[in-house]
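Topology and contacts: notes
Chain by chain, the residues:
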There are 2 protein chains.
Amino acid sequence: VVDGVLEALRTDPTLHVVLVGPERVAEDGLAACPEPLRTRVSVAPAGQVVGMEERPVWAVRAKAGATVRVAMETLRDAAAEAVVTAGSTGAAVAAAHVVLGSLPGVHRPALAAVIPAAAGPVVLLDVGATPDPTAEVLVQHASLGVAYARVVLAVGAPRLGLLSTGAEQGRGDALRRRLDERLAALADASRGAFTYGGLVEGQHVPLGGVADVVLTDGFTGNVLLKGMEGVVTLVREATTEAAGAGAPAVPAGPRAAMLLGVPGTVVVGHGAGRAADVAACVARAAAAVRDGEHQRFGEEFRALTRAPGDPTPTRGRPDIREVR
Amino acid sequence: VVDGVLEALRTDPTLHVVLVGPERVAEDGLAACPEPLRTRVSVAPAGQVVGMEERPVWAVRAKAGATVRVAMETLRDAAAEAVVTAGSTGAAVAAAHVVLGSLPGVHRPALAAVIPAAAGPVVLLDVGATPDPTAEVLVQHASLGVAYARVVLAVGAPRLGLLSTGAEQGRGDALRRRLDERLAALADASRGAFTYGGLVEGQHVPLGGVADVVLTDGFTGNVLLKGMEGVVTLVREATTEAAGAGAPAVPAGPRAAMLLGVPGTVVVGHGAGRAADVAACVARAAAAVRDGEHQRFGEEFRALTRAPGDPTPTRGRPDIREVR
């Protein structure tokens, strides 16, 4: 993590980083900083760890000094403008919920990854924040995904697709059948902000061209993302062995996923978590802050979810405060 | 389909094929056969089609002349030793259920694909037969997958893994949490026939090395399989463009999946369904019949699922008859 932070600081000369973690580890990290970078690094000590085997929500509630919880507090208290975590997704989601709360109209957050598909980027969500969503929650995630695509893909009217086992209506499981009509109605009510193209299949995520936003539950999305990455790893190794330096570029998977539905910029690192991955996550968070992404996202989301006839909301940054 | 059948007939000189379908299409297919092959092709006319938009179970029950239903009847009546279908998976599963019934102890069938993973083949199931399984059904599918791996992978004690969003105990959704302990108990009771290695993640399917059998629900398995194939398609196109004839071989996905839990050999074609894919499915079915795979599979499955203390079952081919 520290190596990744140093890489990010070198690349981005106006970046400041707060290292959150056990005091000795953070101080060692600070000590590893070359002098010119050190002025842009501070330390927030946090000694408790949420173990991979613990139930995240219980652990985060019980441990006031948990690293990821303290990190979310720096965001809530405006000591930082974004959080980057390369730890357990479940712990990050739980800490964001406990410390930051959620945006109005969002019962559970979603983790969104931008897939570099062949026919253009695709927002895939949820890739693991909410493994057991209800239909209601998935409808909220649809609006989160569309708002995010309108900001980061700069697509005027994104095409939403619902991931299923076939493209024909009625395919999939009971959850997908309950969603299909509701998503069509949501698109109709969006006054052209997005269109709903119906069901899409697994191959449409890496190939693209069918939908700009692909909606699924956090269980399936997580398995799909990791499965696609596994194939990329496999092919990367095969092509490097076979062709050496002349190997064709195999597209990398997304290294950073954005937690949507919480009031603040939270980037969840994904994959093996080497230094370069951490640096990419930090750069992604910094770019989001500089571009005012979270504010624009909030405006898009409110516009999508306000009832017809509601007054246009006043522009403004969503509050960062404890909302349950 | 007809081109694929011709290819299979040319490759396999003792293969006989019954073409099931609308009379004119089947007769045209027969007419397309060169004279020496024609003696090994017969036609079973079936005029009704299960549309992609129809609910498969209702359609198959309502249409006695549905192609896939007539195909299953040729198997039930011993006019064929295996069925190959490249149509709707849902219709194939429904027709197998209506016409053939299911093996004792199996409430819902599973579709198994053998993934050519980097570290050795992996049986992935269910890839789409049962999108909404209960925990009880998934425990049955675990035994189906282990029995299949013992036959087709020739692994003495396959390692079973449960697909989830993380490898640590407790990860995943409510269904996975209900299963983890039951699968451990199943392995303990199997007297060494297989081991249960706990949770595995998406990347472990293409990379292999962690489990020989990866168990999941038919919704997730279908999305994962198609997603991985999408990446393979993508990379295949990229490498062919970049490197021409010198492109490294990108592993192909499985073309044929085996329907497990029904009394008979049913191969479900998968993917784009070009002639070569159909030929591969026919070849897979023929190989399964010649190797007595279904009989050996049935013995393995019965041994795994009989209660401790039950007498060793007599050897024999599982009955092909209507069982509800």
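Residues numbered from 1 in each chain as written. Chains lettered and ligands numbered in written order. Predicted model: local features only at pLDDT ≥ 70, side-chain atom pairs only at ≥ 80, totals over all residues. Heavy atoms only, no water.

A look at the pairing of strand 1 (residues 17-21) of chain B
Residues and elements named next belong to chain B. The alternating pattern of strand 1 places Val17, Leu19 and Gly21 on a buried face, while none of Val18 and Val20, on the opposite face, is buried. As paired strands, strand 1 and strand 2 (residues 41-45) are joined by five bridges and run parallel to one another. In the strand pairing of strand 2, valine 17 is matched with valine 41. (Buried < 20%, exposed > 50% of the residue type's maximum accessible area, 1.4 Å probe, protein only. Helix = DSSP H or I, 4+ residues; strand = E, 2+ residues; numbered from the N terminus. Pairing = 2+ DSSP bridges.)

Looking at the relation of the copies chain A and chain B
The transformation that overlays chain A on chain B combines an axial shift of 0.0 Å with a rotation of 180 degrees, and the residual RMSD is 0.0 Å. Viewed as a symmetry operation, the transformation between the two copies matches a two-fold axis. Comparing interface residues between copies, 100% of those in chain A also sit at the interface in chain B, which points to an isologous, same-surface contact. (Least-squares fit on C-alpha atoms with pLDDT ≥ 70 in both. Contact = heavy atoms within 4.5 Å.)

Looking at the sheet that holds strand 8 (residues 213-215) of chain B
By way of backbone hydrogen bonds, the strands of a sheet pair with one another, either parallel or antiparallel. Residue and element names in this part refer to chain B. Sheet architecture is open: eight strands sit in the order 3-10-9-4-5-8-6-7, paired in mixed fashion. Each having just a single partner strand, strand 3 (82-85) and strand 7 (195-200) make up the two edges of the open sheet. Pairs of neighbouring strands in the sheet enclose a mean axial angle of 25 degrees, with direction left out of account. Sheet analysis places strand 4 (residues 110-115) next to strand 5 (residues 122-125), joined by four bridges and oriented antiparallel. (Axes fitted to C-alpha atoms, helices over the stretch in contact; angles between N-to-C directions.)

Side note on the interface of chain A and chain B
Contact residues are listed per partner, giving 45 residues for chain A and 45 residues for chain B. Buried area between chain A and chain B, summed over both chains or domains, comes out near 3,600 Å², and the portion from carbon and sulfur atoms is 72%. Between the two partners, chain A and chain B, sit two salt bridges. For lysine 226 of chain A, the salt bridge goes to glutamate 201 of chain B, with nearest N and O atoms at 2.5 Å. There are eight residue pairs in polar contact (both at pLDDT 80 or more) connecting chain A and chain B. Only helix 8 (174-189), helix 9 (204-207) and helix 10 (218-243) of chain A provide two or more residues apiece to the side of chain A that touches chain B. If one sorts the elements of the side of chain A that touches chain B by residue count, helix 10 of chain A sits on top with 17 residues. Classifying every residue of the side of chain A that touches chain B by side-chain character gives 19 nonpolar, 15 polar and 11 charged. (Buried area = accessible area lost by both parts, 1.4 Å probe. Salt bridge = Lys/Arg side-chain N within 4 Å of Asp/Glu carboxyl O. Polar contact = N/O pair within 3.5 Å; in protein donor to acceptor, adjacent residues only side chain to side chain. Nonpolar A, V, L, I, M, F, W, Y, C, P; charged D, E, K, R; others polar.)

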